[in-house]
Amino acid sequence: MGGGAAATAFSRRRQLAGQSGWAGLVHNRRVFFIAVFASLGGLLYGYNQGVLSGVLNMTDFKRMMGPVATDAGTKGWMVAILELGAWFGVLCAGYFADNLSRKYTIVLAVVIFCIGVVVQTAAFHPASIFGGRFITGLGVGSLSMAVPLYNAELAPPEVRGSLVALQQCSTTFGVMVSFWIDYGTNYIGGIGEGQSPAAWRLPLGLQLIPAIVLGVGIIFMPFSPRWLVNQGRDDEAIQVISRARRISSDSDLVQIEFLEIKAQYLFEKETSAVRFPQYQSGSWSDNFKLAVYDYLSLVTTRSLLLRTAIGTLIMFFQQWTGINAILYYAPTVFQNLGLSGNAIDLLATGVFGIVIFLATIPAVIWVDQAGRKPILLSGSLLMTGSLVIVAIISGLFSNSFETHRAAGWAASAFVWFFAIAFGYSWGPCAWVVAAEVWPLSMRGKGMSLAASSNWMNNFIVGQVTPTMMEHLGFGTFVFFGAFSFIGGVFVFFFVPETKGLSLEEMDEVFNSQGLAAADRERQEAIYQRIGLMQYDEPSDTQEEKYSASEGKV
């Protein structure tokens, strides 16, 4: 950022901050609990991703929905329309997150989600499934943006990556649960022609339980301190930081974190006043125009364009690793690898859910110690290798898996290994990077743009995968393996390491080439005005005050 004052304050905060990784999560257990609860949104997202893959292969569902559930083209649309709804939802969520608040945006998203689930569960015709999944997608997309944003802004810098990674951990947990619920309910009424409609209605309807818990419970959680600062509610922001840290509100650590947020907010507000003096009345129309120009500035301002490129492209590559192609069509994938029979392919799908969930847990514990880039790079290499091996086996034995059962199981094992590689790397870390690269005033809109990239590419993957598997065969795995490798190249050359940086320090990473002279002067004046410079040399009294307050619960 600008000058030595901020750097000294940042250094002082790092001295006072706690440990990273699991020790940091235990120390900040109040924030950890709030983040775990908020990440129920990820569970809903993951459950939605996984549940339809099993439902599509259920006998009664195919009977009731007719050719729509079996034709490659319409089946792709049935899966992908949720992602299309999520794309619209996430674009709208940025505006609501900045104006309605992060937590009330989560409440609104849950209400929309529940409406869509009810429509799907009560469906008797394909149109209800299509419409219900689109409405559900609006809610899921909003949650996929609002929950990581809420967790990132509430989390102390030393554990922020771990807490944001909880979103992906809860997502993979939802995937795992949906796979095994599908496996169990598939036997209601038998797996043949006498199968009960409850076999597929029950797994769809069960989504309402965690959704209602999240929607009611989040009301009692704190607001994001960064959103409070944006609203001019500074005293509340200080109290939120203090309670999250479990230390006194007048301790150096709380004051520095608050002043960093305040300085960034004032800088961006004053810069906006300089750039757009004609839109500062505070009216709805002026605020709307400022929002439009903010979105445009994400691609017209050089430093923001780099952040936009990183946020949107890392989501692009996350989707084109092929993870959701497997999640959405896992039973079909395993059938194509020779694991025939509805029960066996659903069982293999359930194992896929278990391994991807378990693989995500280490990321939550170690992402703030190992860093983002090493995890992403290693994941890319392992995913590429796994998919290439699956392609080779599939190419050699695709017409003879019945007589080469071991080859089918070997290919399936490497699909599970691919799930492990994705689970600890691109699953959580892509969301961590996408949530932390934005400046304060652009964070809601920037995150919505990054998440919209995720959902639009998710939609395309879900739409084209049935056709790719039908016409490309093993080439589908080669295709996704190539994108996994290219994603690693992108990370190596273009993505900076952001481990341990505060969200406010991120400007130092992306503006290291130098701010304009006027911007530097404006920043220094803000630091002086709000008192951030006073933390250049901590006093003994300040040290004693922090040490005494650190033990408070």
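Residues numbered from 1 in each chain as written. Predicted model: local features only at pLDDT ≥ 70, side-chain atom pairs only at ≥ 80, totals over all residues. Heavy atoms only, no water.

A look at the overall build of the protein
Part 1: On a plain count of helices and strands, the protein comes out with 26 helices and 0 strands.
Part 2: Buried positions account for 61% of the 553 residues belonging to the protein.
Part 3: If you take every contact in the protein between residues at least 6 apart in sequence, the share linking residues at least 24 apart comes to 83%.
Part 4: When the accessible surface of the protein is totalled, it reaches about 19,700 Å², and 68% of it is carbon and sulfur. (Helix = DSSP H or I, 4+ residues; strand = E, 2+ residues; numbered from the N terminus. Buried < 20%, exposed > 50% of the residue type's maximum accessible area, 1.4 Å probe, protein only. Contact = heavy atoms within 4.5 Å. Areas by Shrake-Rupley, 256 points an atom, 1.4 Å probe, with all protein chains shown as cover.)

Observations regarding the side chain of threonine 172
Part 1: Residue position: threonine 172 is located in helix α9 (residues 160-185).
Part 2: Since its relative accessible area comes to 2%, threonine 172 is described here as buried.
Part 3: There is a polar contact of 3.2 Å between the side chain of threonine 172 and the side chain of threonine 360. (Polar contact = N/O pair within 3.5 Å; in protein donor to acceptor, adjacent residues only side chain to side chain.)

Some details on the nonpolar core
Part 1: One finds Met145, Ile314, Phe352 and Trp426 to be the most contacted residues of the largest nonpolar core, which totals 110 residues.
Part 2: Contact partners of isoleucine 314, with chain neighbours within four places excluded, come to Ala309, Leu376, Trp426, Ala430, Val433, Ala434 and Phe490.
Part 3: Formed by 18 residues, the second largest nonpolar core is a distinct cluster that contains Val68, Val79, Ile129 and Trp200. (Core = buried A, V, L, I, M, F, W, Y, C linked by side-chain atoms within 4.5 Å.)

With respect to the confidence of the model for the protein
Part 1: For the protein, mean pLDDT is 80; residues scoring 70 or higher make up 84% of the total.
Part 2: Per-residue pLDDT stays below 50 along residues 512-516; that stretch engages in 4 contacts with residues further than four places along the chain or on separate chains. (pLDDT = per-residue confidence, 0-100.)

Considering the pattern of salt bridges
Part 1: In the structure shown here, the tally under the stated rule is 6 salt bridges.
Part 2: Note that arginine 63 and aspartate 60 form a salt bridge whose closest N and O atoms lie 2.7 Å from each other. With a gap of 3 residues between them, arginine 63 and aspartate 60 both fall in helix α5 (residues 59-65), about one helical turn apart.
Part 3: For aspartate 60, a relative accessible area of 3% puts it in the buried group.
Part 4: We note a salt bridge from aspartate 98 to arginine 102, for which the minimum N-O separation is 3.0 Å.
Part 5: One continuous salt-bridge network, built from bridges that share partners, spans Asp98, Arg102 and Glu153. (Salt bridge = Lys/Arg side-chain N within 4 Å of Asp/Glu carboxyl O.)

A closer look at the packing of aromatic side chains
Part 1: Under the definition given, this model contains 26 aromatic pairs.
Part 2: Members of the aromatic cluster, each reached through a chain of ring pairs, are Phe316, Phe317, Trp320, Phe479, Phe480, Phe483, Phe490 and Phe494.
Part 3: In this structure, lysine 103 packs its charged tip against the face of phenylalanine 223, placed 4.3 Å from the ring centre.
Part 4: Residue placement shows lysine 373 over the ring face of phenylalanine 492; its charged tip is 6.0 Å from the ring centre. (Phe/Tyr/Trp six-rings, centres within 6.5 Å; stacked < 30°, edge-to-face > 60°. Lys NZ or Arg CZ within 6 Å of the ring centre and 35° of its normal.)

Re the environment of serine 297
Part 1: Within the element layout of this structure, serine 297 appears in helix α15 (residues 284-300).
Part 2: Looking at serine 297, the relative accessible area reads 1%, which means it is buried.
Part 3: The spatial distance from the C-alpha of serine 297 to the C-alpha of threonine 308 is 9.9 Å, given a sequence separation of 11 residues.
Part 4: Beyond its immediate chain neighbours, meaning those up to four positions away, serine 297 contacts Arg275, Leu304 and Met442.

Quick look at the environment of alanine 38
Part 1: Within the secondary structure, alanine 38 is located in helix α3 (residues 29-38).
Part 2: Accessibility expressed as a relative area gives 0% for alanine 38, which makes it buried.
Part 3: Considering only alpha carbons, one finds alanine 38 and glutamine 167, 129 residues apart in sequence, at a separation of 8.4 Å.
Part 4: Those residues within four positions of alanine 38 in sequence are excluded, and the remaining contacts are Val147, Tyr150, Asn151, Leu214 and Ile218.

With respect to the packing of α3 against helix α8 (residues 126-154)
Part 1: The geometry of α3 relative to α8 is characterised by a closest axis approach of 10 Å and an angle of 175° between their N-to-C directions. Of the possible angle classes, the one that applies to α3 and α8 is roughly antiparallel. Between α3 and α8, the residues in contact are Val31, Ile34, Ala35 and Ala38 and Val147, Tyr150, Asn151 and Leu154, respectively.
Part 2: Looking at side-chain class alone, the contact of α3 with α8 contains 7 nonpolar, 1 polar and no charged residues. (Axes fitted to C-alpha atoms, helices over the stretch in contact; angles between N-to-C directions. Parallel < 35°, antiparallel > 145°, perpendicular 65-115°, else oblique. Nonpolar A, V, L, I, M, F, W, Y, C, P; charged D, E, K, R; others polar.)

A word on the packing of helix α4 (residues 40-55) against helix α11 (residues 208-217)
Part 1: Here α4 crosses α11 at 155°, and the two axes come no closer than 9 Å. When the axes of α4 and α11 are compared, the pair comes out roughly antiparallel. In this structure, the crossing between α4 and α11 has a hand that is left-handed. Contact residues: α4 offers Leu40, Gly41, Leu43 and Leu44, while α11 offers Pro210, Ala211, Val213 and Leu214.
Part 2: Counted by class, the contact of α4 with α11 contains 7 nonpolar, 1 polar and no charged residues. (Left-handed = near helix turned anticlockwise from the far one by under 90°.)

Some points on unusual backbone geometry
Part 1: Positive phi, close to 105°, is recorded for serine 101, a residue that is not glycine.
Part 2: Here serine 101 lies in the loop between α6 (72-99) and α7 (102-121).
Part 3: When its relative accessible area of 0% is taken as the criterion, serine 101 is described as buried.

Observations concerning the side chain of asparagine 457
Part 1: Relative to the helices and strands, asparagine 457 resides in helix α22 (residues 443-471).
Part 2: Judged by its relative accessible area of 10%, asparagine 457 falls in the buried class.
Part 3: Discounting residues that sit within four places of it in the chain, asparagine 457 has contacts with Phe316, Gln319 and Trp320.

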